[in-house]
Number of protein chains: 2
Amino acid sequence: MTATVLTPPHTAAADLTANTPEIRSSDETDIYEAIFTAIVEQRLVPGTRLIEEQLGEVFGVSRARIRKVLANLAHTGIIRLERNRGAFVARPSQEEARQVFEARQVVEQAIIRSIASDHGSGATRALHRHVKAEAEARQRGDRRATIRLSGEFHLLLAGIQGNAMLTEFLRTLVSRSSLIIAVYPPSIETACSHDEHAALIAAVEAGNSDQAVAEMSRHLEAVFEQLNLGGAPGTPLDLHQIFAGLVPRGRPTR
Amino acid sequence: MTATVLTPPHTAAADLTANTPEIRSSDETDIYEAIFTAIVEQRLVPGTRLIEEQLGEVFGVSRARIRKVLANLAHTGIIRLERNRGAFVARPSQEEARQVFEARQVVEQAIIRSIASDHGSGATRALHRHVKAEAEARQRGDRRATIRLSGEFHLLLAGIQGNAMLTEFLRTLVSRSSLIIAVYPPSIETACSHDEHAALIAAVEAGNSDQAVAEMSRHLEAVFEQLNLGGAPGTPLDLHQIFAGLVPRGRPTR
DNA sequence: AGCCTGATGATTGTCGACAATCACAGTGGT
DNA sequence: ACCACTGTGATTGTCGACAATCATCAGGCT
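**Observations regarding the overall build of chain A**
Scanning chain A from N- to C-terminus turns up nine helices and three strands. Counting from the amino terminus, chain A carries its helices and strands in the arrangement α-β-α-α-β-β-α-α-α-α-α-α. In chain A, which comprises 254 residues, the share counted as buried stands at 50%. Taking as baseline every contact in chain A between residues at least 6 positions apart, the subset at least 24 positions apart corresponds to 75%. With an accessible surface of roughly 11600 Å², chain A has 51% of that area assigned to carbon and sulfur atoms.

What follows is the structure, given as structure tokens:
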């Protein structure tokens, strides 16, 4: 029985996965969410094959719908599609990880500079509220919420800046980052320190764009540096135990 | 008879449309190409509805394949999908145009700085060859090739820089730019002056990254400024005559 | 005359079935 | 014992048909 590996709808990763501009039936977004979070939370190990019919059974829909969802997941780089072979959970290489964070540096420095130049566009209230939510999630030990909110903070910044192209692009980069962090888990549990987020807001409110950019650069660098890029690139890493306490059932299909 | 509006395979826009990372049957890329170039060349006017079955007849394939192609086109922003309503050729607003070029500034300045810091990564030979091809196309009055090569120059730079994420993102931005230029055609025929491309290469070869960035900034600014952003955003602009000499047959469906 | 309402035609969304393709196991040969 | 080959099972790719939805138009009501 492989069905129980995936958690159906209840645990929604909210904004993080409402990605493509097309209008999409809510049903499909739910499935997208479920698979996405299952991957990010390592219930689906990189390299795992995702079989359309099995997924169809799990979610009670036909293969056609699943197929569409898989196409979307492949587009954001969370899974890999191979012609006539199927869908596999992506296994980002170290080089890929480097490129993702390099791209984030490019995009997010530009975003934060833009916002800081506008003195926060008057929207720092939402930022403060968000950081507060992050702190609360961390305090109550909700690991999943903490990780999710950390990513959403960056998307919130993009939304404030206002460029839909950059926001959309950043959405895929943040999604990929989530997978990367899952594959190369930081040695120490610092993730996306909310202190650094607070420092970013402070620089923005001060209208000091150079400092804001520097803060963002340091922040992303810190996250990247804490990755545990030790694992051999090709080996199917075994990370079951790491999340042992959180995962209801063990291994995925084969 | 609406079939003859689209030109089947022969005129391939090469690299510009080999966009998604997934492996894709060559057949579908051909269809993608055909529709893409038909839109960029304004044989399909913005706002035109693309009916799946008609397209299926034109290309001799089933609706399922067409559907996949439409999803890809929608993803790059060339067409718009509306639930239960169908696919429409996108009609980029002025604000959208601004955002596209703002995003290009962000991404391409970073790319050119990176290349220039590496003294061109030793790949300036390919750049020279490309600019030469651009000049030749322009000399022999091949408008289509000229426009296509102009866009590909920027993608070539991205490829040299090496970050796959940025390259992929820029591909969608360049595609959108093509549509934008088609919708808001430059008053004077300057498009993407190859002189500016040559200047970019010179700065890169000199290893002067600041100048290279400035050059890129000016170049993109010039292209954007030459857009004719006069047309009312909502009106279905009629630009048939503009390309009259080049278009074999007149109007699209209805 | 203008507006709301209901029927009609066209188009998209979804499903199930068949064909094409691939991975794997078993067999035979060297 | 190892390698190449063929047959088998499983999975994906593709197609055609049906159901759901929307736009349009005619008719009746105010």
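Don't stop here, the text continues.
**Points about the protein's contact with DNA strand C**
Surrounding DNA strand C, one finds 16 residues, the nearest of these being A:Ser62, A:Arg85, B:Arg63, B:Arg67 and B:Asn84. Counting only atoms of DNA strand C within 4 Å of the protein, the sugar-phosphate share comes to 79%. B:Glu52 is positioned such that a nitrogen or oxygen atom in its backbone is 3.4 Å from a phosphate oxygen of DNA strand C. Within the side chain of B:Arg83, a nitrogen or oxygen atom sits 3.4 Å from a phosphate oxygen of DNA strand C. Ranked by the residues each element gives to the surface near DNA strand C, the list is headed by helix α3 (residues 63-76) of chain A, at three residues. Looking at the surface near DNA strand C, its residues break down into two nonpolar, four polar and ten charged.

**Brief notes about the protein's contact with DNA strand D**
Within the structure, DNA strand D sits among 16 residues, and A:Arg63, A:Arg67, A:Asn84, B:Lys68 and B:Arg85 are positioned closest to it. Restricting attention to atoms of DNA strand D within 4 Å of the protein, one finds that 80% of them are sugar or phosphate atoms. Within the side chain of B:Asn84, a nitrogen or oxygen atom sits 3.2 Å from a sugar or linking oxygen of DNA strand D. Within the contact set of DNA strand D, a phosphate oxygen lies 3.0 Å away from a side-chain nitrogen or oxygen of B:Arg85. At the level of elements, β1 (49-50) and α3 of chain A together with α3 (63-76) of chain B are the ones that each hand at least two residues to the surface near DNA strand D. Residue contributions to the surface near DNA strand D peak at three residues, all from α3(B). Classifying every residue of the surface near DNA strand D by side-chain character gives two nonpolar, four polar and ten charged.

**Some remarks on unusual backbone geometry**
Unlike most non-glycine residues, A:Gln42 shows phi in positive territory, near 65°. Inspection of the secondary structure puts A:Gln42 in the loop between α1 (26-40) and β1.

**A word on the packing of aromatic side chains**
Summed over the entire model, instances satisfying the criterion amount to five aromatic pairs over all chains. Considering the side-chain rings of A:Phe169 and B:Phe169, the 3.9 Å spacing of their centres and the 10° angle between planes classify their relative orientation as stacked. Taken together, the residues A:Phe169 in helix α7 (residues 164-183) and B:Phe169 in helix α7 (residues 164-183) connect one chain to another. Relative to B:Phe36, the ring of B:Tyr32 lies with its centre 6.2 Å away and its plane at 10°, an arrangement referred to as stacked. One end of the pair is B:Tyr32 and the other is B:Phe36, both in helix α1 (residues 26-40) and four residues apart, which spans about a single turn. Owing to a relative accessible area of 1%, B:Tyr32 belongs among the buried residues under this scheme.

**Quick word on helix α9 (residues 209-225) of chain B**
All names here are of chain B. Under the 1.5 Å per step criterion, the end-to-end length of α9 is 24 Å for 17 residues, consistent within 8% with the ideal 24 Å. Those residues of α9 that fall on the buried side of the exposure criterion are Ser-209, Ala-212, Val-213, Glu-215, Met-216, His-219, Leu-220, Val-223 and Phe-224. For α9, the buried positions fall inside an angular range of 165° around the axis, keeping them on one side. For α9, the exposed residues set more than 90 degrees away from the buried face come down to Asp-210 and Arg-218.

**Description of the sheet that holds β1(A)**
Residues and elements named next belong to chain A. A sheet is described by the order of its strands in space; here three strands give the open sequence β1-β3-β2, paired in antiparallel fashion. Each end of this open sheet is capped by a strand with a single partner; those strands are β1 and β2 (79-82). Bridge count between β1 and strand β3 (residues 86-89): two bridges; the pairing is antiparallel. Along β3, the bridge assignment pairs Arg-49 with Phe-88. The sheet contacts of α3 involve β1, β2 and β3, and relative to β2 the element is tilted by about 115°.

About the criteria used
The residue count restarts for each chain, going from 1 along the sequence in the order it is written. To read the labels, note that chains go from A and ligands from 1, taken in the order they are written. Reporting in this predicted model follows two pLDDT cut-offs: at least 70 for local features of residues, and 80 or more for side-chain atom pairs to be given and counted; totals over whole chains, interfaces and linings ignore these cut-offs and use all residues. Side-chain numbers come from the whole structure's heavy atoms, not from hydrogens or water. By the criteria applied, helices consist of DSSP H or I runs no shorter than four residues and strands consist of E runs no shorter than two, each listed in order from the N terminus. Only protein chains enter the area calculation, which uses a 1.4 Å probe; residues under 20% of their type maximum are buried, those over 50% are exposed, and those in between are partly exposed. Only heavy atoms matter for contacts: two residues are in contact if any of them lie within 4.5 Å across the pair. The protein chains shown are the only cover counted for residues, whose accessible areas, like all others here, come from Shrake-Rupley with a 1.4 Å probe. Each residue is tested against the molecule or strand, and it is near if at least one of its non-hydrogen atoms lies within 4 Å. We call two N or O atoms a polar contact when they sit within 3.5 Å, provided that within protein one can donate a hydrogen and the other can accept it, with sequence-adjacent residues counted only if both atoms are side-chain atoms. Each residue receives one of three labels: charged for Asp, Glu, Lys and Arg, nonpolar for Ala, Val, Leu, Ile, Met, Phe, Trp, Tyr, Cys and Pro, and polar for the others, Gly being one of them. Pairs were defined over the aromatic rings of Phe, Tyr and Trp, the Trp ring being its six-membered one, requiring ring centres within 6.5 Å. Orientation was assigned from the angle between planes: stacked under 30 degrees, edge-to-face over 60, tilted for the rest. What a helix is expected to span follows from its residue count: subtract one and scale by 1.5 Å. In this context, the arc is that of the directions from the helix axis out to the C-beta atoms. Two strands make a pair as long as DSSP finds a minimum of two bridges between them. Only the stretch in contact is used when fitting a helix axis, every axis being a line fitted to C-alpha atoms; angles between N-to-C directions are given from 0 to 180 degrees.

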